[in-house]
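# Analysis of the macromolecular model
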Amino acid sequence: MESKTASKPQNKARAAREHMKELETLQEKDPEFYQFLKEHDKELLDFKDEDIDEDDEIDMEDDEIDVENAEIPEDTDASAFGRVTSKAENENKSAKNVITTAMVDSWCNSIRENAKLGAVRSLMRAFRTACHYGDDEQHESSAKFAIMSSGVFNKIMLFVLSEMDGILRSLLKLPTSGGKKETINDLMGTKLWKTHNHLVKSYLGNALHILNQMTDTEMISFTLRRLRYSSIFLIAFPSLLRRYIKVTLHFWGTGGGALPVVSFLFIRDLCVRLGSDCLDECFKGLYRAYVLNCQFVNAVKLQHIQFLGNCVIELLGVDLPTAYQHAFVFIRQLGMILREALNMRTKEAFRKVYEWKFINCLELWTGAVCAYGSETDFRPLAYPLTQIIYGVARLVPTARYFPLRLRCARMLNRIAASTGTFIPVSLLLLDMLEMKELNRPPTEGAGKAVDLRSVLKVSKPTLKTRAFQEACVFSVVEELADHLAQWSYSVAFLEFSFIPAVRLRNFCKSTKIERFRREMRQLIHNIQVNSEFINERRLCISFLPNDPAATSFLEDEKKSGASPLSQYVATLHQRAQQRNDSLMGSSVIVGSHSSKFGNKMSDQDEEEDDDDTTNEDGAAVFNSSWVPGSDSKAKQSKEGKKKKKKMQGKQEEAITDDVVEDLILSSDEDGYDSSAREEDEETKPVPLKQHRKKQSVIDIPSSGNKDKAKPTPPKKNRKKRKLSTEFPKKDRKFHKKSNKRKRAN
């Protein structure tokens, strides 16, 4: 509908110009009829320029520069006005609608000094041309501006992105920064908005178009950072708002460098300023983008997934009641998938649960419950989430899924620590120690080091390696100690720790691996020391177990972390961190990138208030020779050619697979063939068919298979060639002997 309404004034202006041209040609070809119309139908000839108004929609590309700046009186006749317009059109066609640096400088100076509205409109036309430059839909014949250089493009983009927000706010008489959606809603009913809303829509719409064309992450980041100031205007354009959310979500999930952070800040500002108009769409889109990016996990991608999860948790805090409704729906979906797996008991149903997408979603909602568990709006989600995690850990109780069970135990420990509720995590961990795979000596040797954070399932040979057994036992000790340390200040710690201590002693007796016994004895010793620490203080209390005063027992010691088990857990965390760093060589690189994100964004957010620094950043970004559309067609054609070549190559390989295997040459035979070919070229020309066969044989790379790399036909050909090279010498001897015999006779 917007395109139809925008095309109506353009059609009227074109029809008016065509009508005036027809009157001129009528006066030249048939002056008598023109005189008759002048006498009897004067209104038809007294055609004025009422229909030739300036197009104030987004396109703004139909009027001409000289005609716009010139004021034409109403009493000007049609023929004179037609001559002016036709002359202007011819001059513009000859000039090819070129935008120069001088034109841009004059517009910018007039906007800065006099705040001329005409210069703003001209600059916005140039901005639209810059954003749509190179598009297939743009027709150079109808466009007011059609040609520009990369320097002009950079200058237009830098000035508009840096200054347009302040210009629009001054025209609409709004504050220089910030704003609420109520202010824009009140402004939309005024005459001021009806006069200048096309400029706002042109700025936001064309900026969105250029965002889809850009490929440089720094350029996109700068553009989004500047558009963030004008995001409040999107409340007036719901269609643009939806498109902006879609684009920024794409940049947030797939961008590199600082682009994900800038995109997330843009989305968060939209949610804070616009509220319910975009909250639902942002919550759903952000969660969907997170799920798409967490389907596969490795050591390098783990840091990026954690960053995406932190962004989702941060956005949920904008409106907790609305976030609770969405979180409840998404957690319920996870519960339904788990219920289906428990009922169906098939591999496909188990695979839906035991995949990275499902586990990362559990990690996400665990982080959300831990962050907002103290809030009344979010606390009810802790219980269903705990039940789902516990069901996932016990779904397939085999040793191959030890990494997944450890991850579930870690999530349960986090929920228990944040909500202050008791969760029987020790049962999951102690069941792992009693499995036979950890009590047998390793039969597959030492094996490779296993990073349990980046796998959910291990292979059967890996179960029998020493490295896997050590990683499992050490991780169980760490999680069990962390679970007991949460209640190391409770008045009932002796009762909590009794059953785990008994089962740990049984494991020490049953296992035949001395290093595992040493770890368990150390944990049992710290549990006993902590029990004595609690019992000494229990002798001094006088309240009953059901007394509310029991909750404040050892509150000061808990804040200082003075219990023996808490100190032991701190040493275990340090050891685990060192082990993880040694396992993942790229952890330093990933960590440094994440720290760069934080430092960069904090510095940039502080510097955004300074105009000089933003101009310097923009000048550094928009200094290349890139122009939208300049390389898109070339890239598409190159990519199309590459794809065609790849497809053709694959087809040829598929067709000639069996033939090629018999024609592969080894490296020695390649050298021999090349030397023989040089001799053949010197002595005897090779026929065309043999030459083609020889090229096809030599161009094929060697595979190293000596049995297959002995082509019999080429060898025969080479022998024949050698014989052919030696025949002339024998023929010469034979001819000499025959000549001597003839002379003797």
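Residues numbered from 1 in each chain as written. Predicted model: local features only at pLDDT ≥ 70, side-chain atom pairs only at ≥ 80, totals over all residues. Heavy atoms only, no water.

Okay, the overall build of the protein chain next. The helix and strand inventory of the protein chain stands at 34 helices and zero strands. Counting over 745 residues, the protein chain shows a buried share of 43%. A sequence separation of at least 24 residues applies to 75% of the contacts in the protein chain between residues at least 6 apart. (Helix = DSSP H or I, 4+ residues; strand = E, 2+ residues; numbered from the N terminus. Buried < 20%, exposed > 50% of the residue type's maximum accessible area, 1.4 Å probe, protein only. Contact = heavy atoms within 4.5 Å.)

A few words on a nonpolar patch on the surface. A contiguous nonpolar surface patch, about 290 Å² in accessible area, is contributed by Phe 498, Ile 499 and Val 502. Here Ile 499 lies in helix α24 (residues 493–510). Judged by its relative accessible area of 52%, Ile 499 is exposed. (Patch = residues over 30% accessible without salt bridge, like charges linked within 9 Å, V, L, I, M, F, W, Y side chains within 5 Å. Areas by Shrake-Rupley, 256 points an atom, 1.4 Å probe, with all protein chains shown as cover. Salt bridge = Lys/Arg side-chain N within 4 Å of Asp/Glu carboxyl O.)

Right, let's get into the pattern of salt bridges. Per the stated rule, a full pass over the model turns up 21 salt bridges. Note that Arg 169 and Asp 165 form a salt bridge whose closest N and O atoms lie 3.1 Å from each other. Pair noted here: Arg 169 and Asp 165 are both in helix α8 (residues 150–171), with a separation of four residues, about one helical turn. Judged by its relative accessible area of 2%, Arg 169 is buried. Its salt-bridge partner being Arg 410, residue Glu 479 comes within 3.1 Å of it at the nearest N-O pair.

This brings us to helix α11 (residues 217–227). Counting buried positions over the 11 residues of α11 gives nine, a clear majority of the element. Three or more residues of α11 are buried, namely Met 219, Ile 220, Ser 221, Phe 222, Thr 223, Leu 224, Arg 225, Arg 226 and Leu 227.

This part is about a positive patch on the surface. Taken together, the side chains of Lys 347, Arg 351, Lys 436, Arg 440, Lys 457, Lys 460 and Lys 464 make up a positively charged region of the molecular surface. With respect to the helices and strands, Lys 457 occurs in the loop between α21 (425–433) and α22 (460–463). Lys 457 sits in the partly exposed class, given a relative accessible area of 40%. (Lys, Arg positive; Asp, Glu negative; His and termini not counted. Charge placed at Lys NZ, Arg CZ, Asp CG, Glu CD.)

A separate point is the packing of helix α13 (residues 259–274) against helix α14 (residues 279–293). Taken N-terminus to C-terminus, the directions of α13 and α14 make an angle of 150 degrees; their axes are 9 Å apart at the nearest point. By the angle between their directions, the pair α13 and α14 is classed as roughly antiparallel. At the point where α13 passes α14, the crossing takes the left-handed sense. Within the contact between the two elements, α13 uses Phe 264, Ile 267 and Cys 271 and α14 uses Leu 279, Cys 282 and Leu 286. Across the contact of α13 with α14, the residue classes break down as six nonpolar, no polar and no charged. (Axes fitted to C-alpha atoms, helices over the stretch in contact; angles between N-to-C directions. Parallel < 35°, antiparallel > 145°, perpendicular 65-115°, else oblique. Left-handed = near helix turned anticlockwise from the far one by under 90°. Nonpolar A, V, L, I, M, F, W, Y, C, P; charged D, E, K, R; others polar.)

We now examine the confidence of the model for the protein chain. Close inspection of predicted coordinates is inappropriate in any region flagged by low pLDDT. Overall, the prediction assigns the protein chain a mean pLDDT of 75, with 67% of residues at 70 or greater. Across the protein chain, helix α19 (residues 382–393) holds the top mean pLDDT of 96, while helix α31 (residues 657–661) sits lowest at 33. Confidence drops under a pLDDT of 50 for residues 48–96, and excluding neighbours within four residues, the segment shows 72 contacts in the predicted structure. pLDDT under 50 marks residues 138–142. Its contacts with residues more than four places away, or in other chains, come to nine contacts. (pLDDT = per-residue confidence, 0-100.)

A separate point is α14. Each α-helix winds once per 3.6 residues, and so residues spaced three or four apart point in a common direction. When the terminal C-alpha atoms of α14 are compared, their 21 Å separation across 15 residues agrees well with the 21 Å that a helix rising 1.5 Å per residue should span. Restricting attention to buried positions, one finds in α14 the residues Leu 279, Cys 282, Phe 283, Gly 285, Leu 286, Tyr 287, Ala 289, Tyr 290, Val 291 and Asn 293. Where α14 is buried, its residues meet α12 (238–254), α13, α15 (301–316), α16 (320–344) and α18 (356–372). (Expected span 1.5 Å × (residues − 1).)

In this fold, Trp 193 is placed in helix α10 (residues 191–213). For Trp 193, a relative accessible area of 4% translates into the label buried.

Along the chain, Val 98 turns up in the loop between α5 (78–95) and α6 (101–113). On the basis of relative accessible area, Val 98 is assigned to the partly exposed category, the value being 36%. Along the primary structure Val 98 and Met 148 are separated by 50 residues, whereas in three dimensions their C-alpha atoms are 6.0 Å apart.

Two numbers describe how α14 lies on α16: the axes approach to 10 Å, and their chain directions differ by 40 degrees. For α14 against α16, the interelement crossing comes out right-handed. Together, Leu 279, Asp 280, Phe 283, Lys 284 and Tyr 287 of α14 and Thr 322, Ala 323, His 326 and Phe 330 of α16 make up the contact between the two elements. Split into classes, the residues belonging to the contact of α14 with α16 amount to five nonpolar, two polar and two charged.

Per the counting criterion, the structure on display carries 13 aromatic pairs. An angle of 50 degrees between the planes, with centres 4.6 Å apart, marks the rings of Tyr 354 and Tyr 401 as tilted. Of this pair, Tyr 354 sits in the loop between α17 (347–353) and α18 while Tyr 401 sits in the loop between α19 and α20 (402–419), placing them 47 residues apart in sequence. Overall, the relative accessible area of 10% leaves Tyr 354 in the buried class. For the pair Trp 487 and Phe 496, a centre-to-centre distance of 5.6 Å together with 45 degrees between the ring planes defines the contact as tilted. On the basis of relative accessibility, which here comes to 29%, the residue Phe 496 falls in the partly exposed class. Between Arg 575 and the ring centre of Phe 474, over which it is positioned, the NZ or CZ distance is 4.9 Å. (Phe/Tyr/Trp six-rings, centres within 6.5 Å; stacked < 30°, edge-to-face > 60°. Lys NZ or Arg CZ within 6 Å of the ring centre and 35° of its normal.)

Okay, the environment of Arg 410 next. Secondary-structure assignment places Arg 410 in helix α20. For the pair Arg 410 and Glu 479, spaced 69 residues apart in sequence, the C-alpha to C-alpha distance is 6.6 Å. Among the polar contacts listed, one links the side chain of Arg 410 to the side chain of Glu 479, at a separation of 3.1 Å. (Polar contact = N/O pair within 3.5 Å; in protein donor to acceptor, adjacent residues only side chain to side chain.)

Most peptide bonds take the trans form, and the phi angle of most residues other than glycine is negative. One non-glycine residue with positive phi stands out, namely Lys 173, at about 55 degrees. Considering the arrangement of structural elements, one finds Lys 173 in the loop between α8 and α9 (181–187). Judged by its relative accessible area of 70%, Lys 173 is exposed.

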